[in-house]
Amino acid sequence: MRKLSAIFRGDKYIWVVFIALSVVSVLAVYTSIGFTARHTGRTPLMATLKHVAFIGAGYLCVWFGGRINYKYYARFSRLAYIASVVILFVVLVIFGSRWIRIPVISSFQPSEIAKICLVFLMATILSQYKDRVEDKYYVPVALVPVLITCGLIFPENLSSAIITFVVCVIMMFVAGARKSSLAKCLLVIVMAGVIFALVSVSLDKPLFRSETWASRVDKWLHPDPSVYNQENMARMAVARGGLVGAGIGNTIHGRLMTQSHNDFIYAVIVEEAGSLFGLLILAAYSVLYLRCLVVARHSDKLFGKLICVGIGTLVYVQALVHISVSVGVIPVTGQTLPFVSYGGSAYISMCIGLGAVQSVAQEVRRRERRAEMDAAAKPSQEAAPAV
């Protein structure tokens with residue numbers, strides 16, 4: 001047990017959930033990636049082995065990240081943030097895309113790493129300037145990097161921009177930002193969003209991907225069961241799964257959807273393993289989030305608290321959005337299921353964030369051990385006879 005504790009440093013419950021989700025991920029990807037594998041000239045086994053390689057890299061990120069003193073995340077957060085924004089800008093403005101194709105390895109999505117870098121930066125800023133929390137311009141100034149990053153993300157991925165913005169607002173709330181200032185800034189941003197929507201509707205040529213966003217909402221509000229699109233097939237997969245599922249490897253709809261291994265992998269899991277197992281997956285994310293909050297509560301530094309709250313909220317909200325899309329509760333967003341969907345930049349980025357949480361957890365454990373040793377040594381010192 002001690003050897004395992006030495007290897008898997010940090011919060012053991014987070015490790016258990018992460019490993020369990022990784023096992024589910026390998027099985028789910030193998031049974032659902034057939035459509036994509038055929039169109040890329042690979043077998044499902046080869047595509048899954050590539051995913052396993054990403055999982056291995058993710059394990060290294062969590063393991064190595066947990067061994068780094070979390071103060072180093074603060075030290076390099078600004079540099080990492082600037083680099084991520086520059087890459088995001090170049091890919092969006094120059095290439096007009098959300099992906100960078102890296103030969104042999106995979107496609108790289110800069111927005112995924114930018115989200116994690118933004119969480120690190122916000123934790124750094126909010127902890128360094130905690131004494132100015134009552135300042136009139138504290139919230140607007142703190143929102144500047146958030147608006148820059150989300151502004152670069154939203155043209156190609158509106159849902160990611162919204163999720164990232166919500167996570168940063170929650171971090172600011174935890175840091176003690178004035179509620180009135182937050183409310184005013186949120187009101188201004190909502191009004192700007194409404195104006196953008198009205199302008200986009202009035203123009204002949206849609207702005208950015210507004211036509212796609214409107215189409216997704218329309219399909220959700222007015223579904224046509226006769227059309228074999230991904231949304232309907234995901235709902236049919238969930239319905240076919242019932243309580244106990246059709247059996248591992250017996251998916252039908254997962255082999256027909258182009259994004260069954262990414263955006264709709266939860267539907268495939270429910271089809272094969274049933275709704276009861278689907279609830280277990282939801283419970284696993286809930287445990288992961290609660291453990292992040294527990295680590296945050298025990299951390300004696302605001303930076304550590306904000307890292308755990310930010311990363312935990314990001315993972316949990318994204319998981320809830322993915323699950324809600326898969327069961328038809330909200331329109332399609334294109335969000336992957338953290339630590340389960342087919343690996344790549346999204347998988348590695350989340351693992352980097354989880355590694356930072358484990359670093360905070362490891363520091364909490366060290367402090368608690370020191371306190372226990374001091375408490376044990378104090379009675380011995382008091383009992384020692386005076387010379």
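Whatever comes next refers back to the structure up there.
Procedures and definitions
- Residues numbered from 1 in each chain as written.
- Predicted model: local features only at pLDDT ≥ 70, side-chain atom pairs only at ≥ 80, totals over all residues.
- Heavy atoms only, no water.
- Salt bridge = Lys/Arg side-chain N within 4 Å of Asp/Glu carboxyl O.
- Buried < 20%, exposed > 50% of the residue type's maximum accessible area, 1.4 Å probe, protein only.
- Core = buried A, V, L, I, M, F, W, Y, C linked by side-chain atoms within 4.5 Å.
- Helix = DSSP H or I, 4+ residues; strand = E, 2+ residues; numbered from the N terminus.
- Contact = heavy atoms within 4.5 Å.
- Axes fitted to C-alpha atoms, helices over the stretch in contact; angles between N-to-C directions.
- Parallel < 35°, antiparallel > 145°, perpendicular 65-115°, else oblique.
- Expected span 1.5 Å × (residues − 1).

### Description of the pattern of salt bridges
For the coordinates displayed, the defined rule picks out six salt bridges. Here R370 makes a salt bridge to E363, at a shortest N to O gap of 3.9 Å. For R370, a relative accessible area of 42% translates into the label partly exposed. Through salt bridges with shared partners, one network takes in E363, R366 and R370.

### Quick look at the nonpolar core
If you look at the biggest cluster of nonpolar residues, it comprises 99 residues, and the most contacted ones within it are L126, M172, Y285, I307 and F339. The dominant element in this core, judged by the number of residues it contributes, is helix α15 (residues 302–326), at 14 residues. Ignoring sequence-local partners within four residues, the contact set of M172 consists of M122, L126, V139, A142, L143, A177 and L182.

### A short note on the packing of helix α2 (residues 12–32) against helix α13 (residues 265–273)
At their nearest, the axes of α2 and α13 sit 10 Å apart, and the two run at 90 degrees to each other. In terms of orientation, α2 and α13 fall into the roughly perpendicular class. Contacts between α2 and α13 involve V24, A28, V29, T31 and S32 from the first element and I265, V268, I269 and E272 from the second.

### Comments concerning α15
Note that an α-helix has 3.6 residues per turn; residues three or four places apart therefore point the same way. Spanning 25 residues, α15 covers 36 Å between terminal C-alpha atoms, matching the ideal 36 Å at 1.5 Å per step. Most of α15 is tucked away, with 21 of its 25 residues classed as buried. Positive backbone phi, at 85 degrees, marks G328, one or two positions downstream of α15.

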